[in-house]
Amino acid sequence: MFKLSKMIEKLVLSMMLVVMTGVAFAHGERNQEPFLRMKTLHWYDAKWSVENGSTIQVNDEVTLTGKVHFFSSWPEVINGPSTIFLANATPGPVFIRKASYLNEVPMIQSTGAELGHTYEYRVILKARIPGKHHVHPMINVESAGGLVGPGIWITIDGEADDFVYSVTTRTGQVIDNLGSYAVQNVVNWHLFWAAVAVFWLLWWMRRPLLVVRFLKVKEGSWNELITKNDKFLGAFMIVFIIGVLIYANSITKEKYPRTIPLQAGKVDLMSLAVHNDGLGTVKAKQRNNDASVGVISKKAEYFLPGRTVTVEAEITNNSRLPIQLGEFTAANIRFINHDVDFAMKGVDEGYPDELVADKSLGVSDNTPIQPGESRLIKINATDVAWETERLSSLMNDPESSYGALLFFFDSEGNRMISELSGQILPTFVD
Ligand SMILES: [Cu+2]
């Protein structure tokens, strides 16, 4: 009797401990060593679009914003932030992450950060599973793990079954709910392969197992262990399985002619890396070879049927004379702006014709960019060369990114060259 009551007491105590630590420590963000938490990431100006302790409904959105500083004296014992991923720390997939940005660059993929620099983050979440959840921004550092920012409590109300996540694909197809899209197909294929596996197992298991077979191995009677029928079935299975794979691949290709492989590359954050000159003030550091022109790629699309690459870029003129964009060159193909005389003079005689685009380089605003001015321009490079030079196959690559050089000319004809690079999205509809 005494023992039992002692046990119940223990049980109640341990349950209380679980409940209490659950409240006090949420989900282990205080488990990390102090030096890890103090010398890695410093999150500040953190804001949530809802108040701490508030209640939202399933399907409601929450936006996390703020700044994260990568501390200069990063601990020696953990990996540096050369490969990082912006995420959210929540207890399981209770929210889906609709979008995430560092310095307004989409963070669908991993990126790399520089020590001593500050980045602005923005994470958009959509409520999925009801409950009371602690919600933080988090950055995963390769080989070091997740480093979490400050968290607030958000209660999700409603029914998990009401959760809907609808998306429109790049081909214009509307998927009503990504959560249940093609699930039946996945189930069917699993059942099919499970049936094949079970059949294969039963084929061998219907005969005496283990000891009998062990003795036969000892005797060396291989003909009884693996019969003619077994060999015949084995050969049939190889042909059958490979045949099914080829068939499945062909019907999938027919049903989904345009697919993009899972992206494996890292997003380049260099072009927008933020300088910290005194924490809190941020200044864009622009990637370029020629300090006189700053170029930031905002958005790039490749319109497949039209063989057109469109780029939106912010150009900053740091030189003392007005400048104009004269040329866009990538993979040896040159797109010239016919409205800029200095650029036209640069089309040297003797350069292979097929590598100079027939059409002019389209620039949304050709008026000279004045010294000190920053302007968002749209660049349009259309040519069959994208197809003939097989550059269009970038859609099938596990890294949909591009790079180009931009040639600027000032009013005296001086040429300034800047790099332009970023992610590129395929589009199939105009
Ligand atoms: Cu937490």
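This is a predicted model, so every value here is computed, not measured.

Caption draft 1: Layout of the environment of L376. Relative to the helices and strands, L376 resides in strand 20 (residues 374-382). L376 sits in the partly exposed class, given 13 other C-beta atoms within 10 Å. Through-space distance from the C-alpha of L376 to that of D365 is 8.9 Å; in sequence the pair is 11 residues apart. The contacts of L376, once residues within four sequence positions are left out, are K298, E312 and E314.

Caption draft 2: Broad picture of the sheet that holds strand 5 (residues 95-102). Spatial strand order, 1-3-7-5-6: five strands in an open sheet with antiparallel pairing. Sheet topology places strand 1 (41-48) and strand 6 (105-106) at the edges, where each strand pairs with a single neighbour.

Caption draft 3: Representation of unusual backbone geometry. Its identity is not glycine, yet A182 carries a phi of approximately 60°, on the positive side. With respect to the element layout, A182 can be found in the loop between strand 12 (174-175) and helix 3 (183-205). Here A182 falls in the exposed class, since 12 other C-beta atoms lie within 10 Å of it. One non-glycine residue, L210, lies in the positive phi region at around 40°. Assignment of secondary structure puts L210 in the loop between helix 3 and helix 4 (211-219). Classification of L210 by C-beta neighbours within 10 Å gives exposed; the count is 7.

Caption draft 4: Quick peek at helix 3. An ideal rise of 1.5 Å per residue puts 33 Å on 23 residues; helix 3 measures up with 32 Å between its terminal C-alpha atoms. Within helix 3, only zero of the 23 residues are buried, which leaves it mostly out in the open.

Caption draft 5: Structural view of the pairing of strand 8 (residues 131-141). With six bridges connecting them, strand 4 (residues 84-89) and strand 8 associate as antiparallel partners. Residue pairing across strands places A87 opposite M138, the latter belonging to strand 8. Here strand 8 runs beside strand 10 (residues 152-157); their pairing, made up of five bridges, is antiparallel. Looking across to strand 10, one finds that V135 is bridged to I152. Across four bridges, strand 8 lies against strand 9 (residues 145-148) in antiparallel orientation. Across the sheet, the residue bridging to N140 is G146, located in strand 9. Counting the residues that bridge the hairpin from strand 8 to strand 9 gives three residues, and of these S143 lies at a positive phi of roughly 70°.

Each value, and the rule that gives it
- Residues numbered from 1 in each chain as written.
- Predicted model: local features only at pLDDT ≥ 70, side-chain atom pairs only at ≥ 80, totals over all residues.
- Helix = DSSP H or I, 4+ residues; strand = E, 2+ residues; numbered from the N terminus.
- Buried ≥ 20, exposed ≤ 12 C-beta atoms within 10 Å, placed from the backbone.
- Contact = placed C-beta atoms within 7 Å.
- Pairing = 2+ DSSP bridges.
- Expected span 1.5 Å × (residues − 1).

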